[in-house]
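Breakdown of the fold
Listed below are the residues making up each chain.
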Amino acid sequence: MWRRSPSFILDERRSSNSPPMADTTRGPFQNPDSISAYYQTRAAHHGVITSDWLAQAQAAVGGVSGDAQHDLSVTDLGNEKSFNVIEEFNNWRKQPDLAEAVAAIRALAAVIRASEASTMMELEIELKKASDTLKSWDKTSISLTAGCDLFIRYVTRTSALEYEDFNSAKSRLLERAEKFGEISCKARRIIAMLSQDFIFDGCTILVHGLSRVVLEILKTAAQNNKLFRVLCTEGRPDGTGVLLSSELSKLDIPVKLLLDSAVAYSMDEVDMVFVGADGVVESGGIINMMGTYQIALVAHSMNKPVYVAAESYKFARLYPLDQKDMAPALRPIEFGVKIPTKVEVERSARDYTPPQYLTLLFTDLGVLSPSVVSDELIQLYL
Amino acid sequence: FPAMSAAVVAAAARSTLRPPSLQTLLEGTPESATVPYTSSSGADSESKTADKSSLTRKLKHDVIEGVNQLIQEIAGCHEQIAEQAIEHIHQNEVILTLGSSRTVLEFLCAAKEKKRSFRVFVAEGAPRYQGHLLAKELVARGLQTTVITDSAVFAMISRVNMVIIGAHAVMANGGVIGPVGVNMAALAAQKHAVPFVVLAGSHKLCPLYPHNPEVLLNELRSPSELLDFGEFSDCLDFGAGSGSLQVVNPTFDYVPPNLVSLFITDTGGHNPSYMYRLIADYYSADDLVM
């Protein structure tokens, strides 16, 4: 009697009526596409370029410079400053080894350095504006939002605000900003060191996605002469598996590539699962590349531990209740053949893994179990 | 940098990322006031040594006080845990326990004193058979006791209302290190939806996360507890060439946190996922260098 209503018909009708409305809600610095910029960056780093993406990237570059010129013509000092933040951010972001949040942190530190404010309040307002600009540039990136928030809190909540002399207070702020940047940079080394004990000789590790933190962990384990082998999932559509396997074979680690669908088939020979995270949410769950939830479910049903490696700036104040409860991050998916236009494609780039399927999280704040995450979040955000 | 200091760096990162607490900000000013004092009194060496000795005396006094407090806590934990017995053990219940633990003994006796009548199944806890000692003690205090072998735990679990055991150590993730055989009891309890309660004084909390608990935190005792020396001496002789017999006698078992229903400590009853908080109370993050 109580069947699911065919709401997908109503949803489609509603969405076909509303695209003109959706465009006007975007701010002036919003990316001109609905494609998630975060995943575009990662695709760029991974070197996976599709023809669509190229066309869109070209359109985007044309769009942004158009916006920038429009803004330069406005005589507001604030707008010029925020244009600089995005520039700075993009410059930092291009380095493949640098995490997006760290790039944002560096850009914000540069804002403090370049600021011409003369009072603390003004500086704070400038910083807040720059952070808002960065956040609105890509609403789908969790680590960007979380990194900006944490940076602002860390930098402004200091006893420096008691100093009479503005310049010394500003230099103290800059000091704290640099320190935060340093911690974030060193985070990967710390996580790699903390997780060494969990990799024992003769173990088989399943890895999903190309997380630079997990790569660092495996590199360090190889340097410590541990014998282990890695199974990596193919990671469609990003092709992360191929990239990871080429990186690992350079380090002489035995690697085996699996289809995404072959995970359950191979799970019984696996000793542990390692994944990175795009964001860690309040419940202790993670948001990561599409497929992580599936793997965590399979691992949980076979009693295999799932370890997550995430830096502390990825801790976000989000609490998704189900998979669709987040801002959608869509990315183009190539199937290699032409898909008929009436066929829909699920283009979401990420999923949410609830905390009960995770065993431990390795962060630069230490080894945490998922229930500890909300405590740490409260401490960080206060 | 060396592997051991990764934990220190993580602790340092944790303390720097948090905004300074009100207390440290307030305490900051008197500290900066005393620092110039000690540096300016360099000329007066006598007062400096007097300062130093009074400082060391104060430090010694503080440490001795802390140690005494700890001794008191450890001595008093059994009572505080036993006080909570009445809330957990009800009339006409059947309790299962394994091996012998003083905390469990006092817990059960406290409930008995409050006029609850219940039965106890004691699994003997081979190879040391300490369950036999516990059974004797319980009978002496007037409780109806049944002794069973460890292998009979799964057979009897469906008749049991609650499993109560003592812990040797509690890990940071809520896992329990207990006498060998408790993992079996925990699995049996999970299968039949029987609450698995662990009694542990707060001095048993350990800040480590178990990465290989079966081997790393275990103690392998002498095989003579299992086999008498005379009977098997020819099998145990490797040089004889007639095959070799290995005997493994682990002392402890690791119970993962998802099998534990409740921890009863001297501060009250807690969920396994809450244990890390108690550990943070007792261990400063700066001290976690193992």
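The name recorded for chain B in an unreviewed UniProt entry is Translation initiation factor eIF2B subunit beta, from Arabidopsis thaliana. For the record of chain B, the UniProt heading Subcellular location (unreviewed entry) holds the text "Cytoplasm, Cytosol". Under the Sequence similarities (unreviewed entry) heading, UniProt states for chain B: "Belongs to the eIF-2B alpha/beta/delta subunits family."

Going by what an unreviewed UniProt entry lists, chain A is known as Translation initiation factor eIF2B subunit alpha and is assigned to Arabidopsis thaliana. Its UniProt record gives chain A the following Subcellular location (unreviewed entry) comment, quoted word for word: "Cytoplasm, Cytosol". Taken directly from UniProt, the Sequence similarities (unreviewed entry) text for chain A runs: "Belongs to the eIF-2B alpha/beta/delta subunits family."

1. Notes on the packing of helix 6 (residues 100-114) of chain A against helix 7 (residues 120-137) of chain A
Residue and element names in this part refer to chain A. Two elements in contact, helix 6 and helix 7, have axes whose closest approach is 10 Å; the angle formed by their N-to-C orientations is 150 degrees. Comparing their axes, helix 7 and helix 6 come out roughly antiparallel. The hand of the helix 6/helix 7 crossing is right-handed. Contacts between helix 6 and helix 7 involve Ala104, Leu108, Val111 and Ile112 from the former and Leu123, Glu126, Leu127, Ala130, Ser131 and Leu134 from the latter.

2. Looking at the nonpolar core
In terms of nonpolar packing, the biggest core is built from 137 residues, with Phe274 of chain A together with Phe196 of chain B touching the most fellow members. Every residue in contact with Phe274 of chain A, bar those within four places of it in the chain, is listed here: Ile199, Ile205, Leu206, Val207, His208, Val214, Ile217, Tyr307 and Phe362 of chain A.

3. Section: the pattern of salt bridges
All names here are of chain A. For the structure shown, the criterion picks out 19 salt bridges over all chains. Salt-bridge contacts for Glu216 lead to Arg189; the nearest nitrogen and oxygen are separated by 2.9 Å. With Glu216 in helix 10 (residues 212-223) and Arg189 in helix 9 (residues 166-194), the pair connects residues that are 27 residues apart, well separated along the chain. The partner of Lys314 in a salt bridge is Glu311, and the shortest N-O contact between them spans 2.9 Å. What makes Lys314 buried here is its relative accessible area of 9%.

4. With respect to helix 8 (residues 142-156) of chain A
Each α-helix winds once per 3.6 residues, and so residues spaced three or four apart point in a common direction. The end-to-end C-alpha distance of helix 8 of chain A, which contains 15 residues, comes to 21 Å, matching closely the 21 Å that a straight helix rising 1.5 Å per residue would cover. Capping of helix 8 of chain A at its N-terminal end is provided by Ser141 of chain A; its side-chain oxygen lies 3.4 Å from the backbone amide nitrogen of Leu144 of chain A.

5. Thoughts on the environment of Ala126 of chain B
Topologically, Ala126 of chain B is positioned in the loop between strand 2 (119-123) and helix 6 (130-140). If sequence neighbours within four positions are ignored, Ala126 of chain B has contacts with Asp150 and Val180 of chain B.

What counts and how
- Residues numbered from 1 in each chain as written.
- Chains lettered and ligands numbered in written order.
- Predicted model: local features only at pLDDT ≥ 70, side-chain atom pairs only at ≥ 80, totals over all residues.
- Heavy atoms only, no water.
- UniProt positions renumbered as here; feature names shortened; annotations may be inferred.
- Axes fitted to C-alpha atoms, helices over the stretch in contact; angles between N-to-C directions.
- Helix = DSSP H or I, 4+ residues; strand = E, 2+ residues; numbered from the N terminus.
- Parallel < 35°, antiparallel > 145°, perpendicular 65-115°, else oblique.
- Left-handed = near helix turned anticlockwise from the far one by under 90°.
- Contact = heavy atoms within 4.5 Å.
- Core = buried A, V, L, I, M, F, W, Y, C linked by side-chain atoms within 4.5 Å.
- Buried < 20%, exposed > 50% of the residue type's maximum accessible area, 1.4 Å probe, protein only.
- Salt bridge = Lys/Arg side-chain N within 4 Å of Asp/Glu carboxyl O.
- Expected span 1.5 Å × (residues − 1).
- Polar contact = N/O pair within 3.5 Å; in protein donor to acceptor, adjacent residues only side chain to side chain.

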